[in-house]
Amino acid sequence: MIELIPAIDIINGQCVRLTCGDYDAQTVYSKNPTDVAKHIESLGFKRLHVVDLDGAKSHHIVNEHVLKDITSQTRLKVDFGGGIKTQEDIEKAFAAGASMVTIGSVAVTQPELFVEWLNHYGAHRIILGADVRYGKISVNGWKQDSEIDLFAFLEQYINQGVTQVLCTDISKDGTLSGPAIELYADIMKRHPTLHLIASGGVSSTADIHNLAKAGIPSVVFGKAFYEGRIDTHSLFIPKGITKRIIPCLDVKDGKTVKGTNFVNLRDAGDPVELGKSYSLAGADELVFLDITASAEGRNTFTEMVTRVASEINIPFTVGGGINTIDDVERLLYAGADKVSVNSAAIKNPQLINDITGKFGSQVCVCAIDAKYEEGQWNCYIKGGRERTSITLYDWAREVEYRGAGEILFTSMNHDGVKDGFAINALSHLSEILSIPIIASGGAGRPEHFSDVFKRGKADAALAASVFHFGEICIPELKQYLNGQHINVRL
């Protein structure tokens, strides 16, 4: 799944696009960037790239008022760049509502200062801007070329902790000539855990699909979008990217188990065989949760992760007992693509920052177990055994702020009951968050999956027993959802 990021470039308070960075070759697409942002949000996009071209030219932020207007009138997650030369500029951008800032020129001219900012704000809030022309880094709004090699530049800062890079091929930007897929694929080959944002040259929906096939995590596009060359309907139905079906395996003492409302566990089969069968059946991802408490059990589970990873070809999320960065490294080394954190994150929220700062947001899934009681959703830890004073929506917002890539929300009231998902809570989460939401708890019939995608606005649906015990088959479920005009991978 590639992250889709439309771009708004601002000159004199207007939405424009340049060609190859030439300020004399600009096209004005709207006099009101906020109206453009609202339209982008209405199409289902959740993230926006805003560039202050006046700022890039004058070496300080100029259009923070436009940024503030966009963030105050939409729920889009905005990364902001252009003219950021001082810490005061960063603070202005964050005060105006930016979730992240993109910094390019300072990383070239003042590397020590850039690293200081990276350490101060965290890798989840600082994006390294790598503007490249014929293999060399450019600075100051693309007006000056340096002699710095792109790959040496990236290596330098990835070693310093950078996890997000916005790489723009200047020679292609605004030309509609197609993106530099080989360049981006080469970067990902050298740095497979990097969250790379490809920019420049996108001319069509096909270009986006080709970037996705090449394994590029994110793409920024502007001119092709404004000129109607991108079929948003094929990317979004009617809100959200292709919906995912995710089987979940709770593993205890080497066996898959499943209960109701987090209790009354029963044996559901061999985890390795189940994982393999789900991969072959067309599941989009797989989630494994370790519910074994002992250290010996942890070692057994880690070995099982390795065995499962060797049998599947879909993204693999692993959780349970993750308390430290060492735990994350252990599971990623064993073959996991992502990790899920829950109780440890509530006890120590900094763990989310640490994971995303070292491995990138795409690695961190924050699981939230919550129960609706006394008129509100309360978060629980320790496998649903201990209630906290934290409420669902407040915690979800903090999780996103700290950089988690996804939220896995399980309604304890609905878990194992098979009477449908927590639609109202999921719908509200979708409204207040910009990161993907995985719905869990309540799947019993195909109609429940349709409902969670259409009314619940979830990005993915997770289920266990209905898959484990053959009550719903994934290929048939996907055919049903396709018939309901829900975009799934067949």
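What you see is a predicted model, and the numbers here were worked out from it, not measured in a lab.

1. Digging into the overall build of the protein
Logical step 1: Assigned secondary structure in the protein consists of 21 helices and 24 strands.
Logical step 2: By principal-axis analysis of the C-alpha atoms, the protein measures approximately 70 × 45 × 45 Å.
Logical step 3: Within the protein, contacts between residues separated by at least 24 positions form 67% of all contacts whose residues are at least 6 apart in sequence.
Logical step 4: Taken as a whole, the protein presents about 19,400 Å² of accessible surface, with 48% of it coming from carbon and sulfur.
Logical step 5: The positive charge centre, built from 48 side chains, and the negative charge centre, built from 60, are 4 Å apart in the protein.

2. Details of empty space enclosed by the protein
Logical step 1: By the definition in use, this model includes 2 cavities of 30 Å³ or more.
Logical step 2: Taken as a whole, the second largest cavity encloses approximately 90 Å³ of empty space.
Logical step 3: Around the second largest cavity, the lining is made up of 14 residues, and of these Arg17, Gly174, Gly201, Val202 and Gly222 lie nearest the centre.
Logical step 4: Those elements that provide at least two residues to the lining of the second largest cavity are strand S12 (218–221) and helix H10 (223–226).
Logical step 5: Taken together, the residues of the lining of the second largest cavity sort by class into 5 nonpolar, 6 polar and 3 charged.

3. Section: the packing of aromatic side chains
Logical step 1: A complete count under the given rule lists 15 aromatic pairs for this structure.
Logical step 2: Between Phe288 and Phe301, the ring centres sit 6.4 Å apart and the planes meet at 40 degrees, which makes this aromatic pair tilted. In this pair, Phe288 sits in strand S16 (residues 286–290) while Phe301 sits in helix H13 (residues 295–309), placing the two residues 13 residues apart along the sequence. The residues Phe288 and Phe301 share a single accessibility class, namely buried.
Logical step 3: Considering the side-chain rings of Tyr372 and Trp377, the 5.4 Å spacing of their centres and the 55 degrees angle between planes classify their relative orientation as tilted.
Logical step 4: The exposure class assigned to Tyr372 is partly exposed, which follows from its relative accessible area of 44%.
Logical step 5: The exposure class of Trp377 is buried, given its relative accessible area of 11%.
Logical step 6: Counting every residue linked through ring pairs, the aromatic cluster contains Tyr29, Phe45, Phe221, Phe225 and Tyr226.

4. Notes on the nonpolar core
Logical step 1: With 73 residues, the main nonpolar core has Phe288, Ile355, Phe409, Phe449 and Phe467 as its most contacted residues.
Logical step 2: The element contributing the most residues to this core is helix H18 (residues 423–432), with 5 residues.
Logical step 3: What Phe467 contacts, discounting residues up to four positions off in sequence, is Ile245, Ile246, Pro247, Tyr278, Phe449, Ile472, Ile474 and Leu477.
Logical step 4: One finds Leu76, Phe151, Tyr226 and Leu235 within the second-largest nonpolar core, a separate group that totals 68 residues.

5. Some thoughts on the environment of Thr163
Logical step 1: Relative to the helices and strands, Thr163 resides in the loop between helix H7 (150–158) and strand S10 (164–169).
Logical step 2: Overall, the relative accessible area of 5% leaves Thr163 in the buried class.
Logical step 3: Once you skip the residues sitting within four places of it in the chain, Thr163 turns out to touch Ala123, Leu194, His195, Thr356, Gly357, Lys358, Phe359 and Gly360.

6. A look at the environment of Ser42
Logical step 1: For Ser42, the position within the fold is in helix H1 (residues 33–42).
Logical step 2: Take Ser42: its relative accessible area is 54%, and that puts it in the exposed class.
Logical step 3: Separated by 32 residues in the primary sequence, Ser42 and Thr74 have C-alpha atoms spaced 9.5 Å apart.

7. Considerations on the packing of helix H19 (residues 446–454) against helix H21 (residues 474–483)
Logical step 1: Where H19 meets H21, the closest approach of the two axes is 10 Å, and the angle between their N-to-C directions is 50 degrees. On the basis of their axis angle, the class for H19 and H21 is oblique. Between H19 and H21 lies a crossing whose hand is right-handed. Between H19 and H21, the residues in contact are Pro446, Glu447, Phe449, Ser450 and Phe453 and Leu477, Tyr480 and Leu481, respectively.
Logical step 2: Looking at the contact of H19 with H21 residue by residue, the classes come out as 6 nonpolar, 1 polar and 1 charged.

8. Overview of the side chain of Asp79
Logical step 1: Relative to the elements of secondary structure, Asp79 occurs in strand S5 (residues 77–81).
Logical step 2: In this structure the side chain of Asp79 is engaged in a polar contact, spanning 2.4 Å, whose partner is the side chain of His49.
Logical step 3: Excluding anything up to four places from it in sequence, Asp79 contacts Ile5, Arg47, Leu48, His49, Val50, Met100, Thr102 and Ile127.

9. Some thoughts on H7
In an α-helix there are 3.6 residues to a turn, and that puts residues three or four apart on one side.
Logical step 1: Residues of H7 that are buried include every one of Leu150, Phe151, Phe153, Leu154 and Tyr157, and no others. One face of H7 carries all of its buried residues, which in axial projection span an arc of 160 degrees.

Thresholds applied
Residues numbered from 1 in each chain as written. Predicted model: local features only at pLDDT ≥ 70, side-chain atom pairs only at ≥ 80, totals over all residues. Heavy atoms only, no water. Helix = DSSP H or I, 4+ residues; strand = E, 2+ residues; numbered from the N terminus. Contact = heavy atoms within 4.5 Å. Areas by Shrake-Rupley, 256 points an atom, 1.4 Å probe, with all protein chains shown as cover. Lys, Arg positive; Asp, Glu negative; His and termini not counted. Charge placed at Lys NZ, Arg CZ, Asp CG, Glu CD. 1 Å grid on protein atoms, 1.4 Å probe; cavity = no way out; pocket = protein on both sides within 12 Å on 5 of 7 lines; lining within 4 Å. Points joined across faces, edges and corners; volume = space filled by probe spheres on them. Nonpolar A, V, L, I, M, F, W, Y, C, P; charged D, E, K, R; others polar. Phe/Tyr/Trp six-rings, centres within 6.5 Å; stacked < 30°, edge-to-face > 60°. Buried < 20%, exposed > 50% of the residue type's maximum accessible area, 1.4 Å probe, protein only. Core = buried A, V, L, I, M, F, W, Y, C linked by side-chain atoms within 4.5 Å. Axes fitted to C-alpha atoms, helices over the stretch in contact; angles between N-to-C directions. Parallel < 35°, antiparallel > 145°, perpendicular 65-115°, else oblique. Left-handed = near helix turned anticlockwise from the far one by under 90°. Polar contact = N/O pair within 3.5 Å; in protein donor to acceptor, adjacent residues only side chain to side chain. Arc of directions from axis to C-beta.

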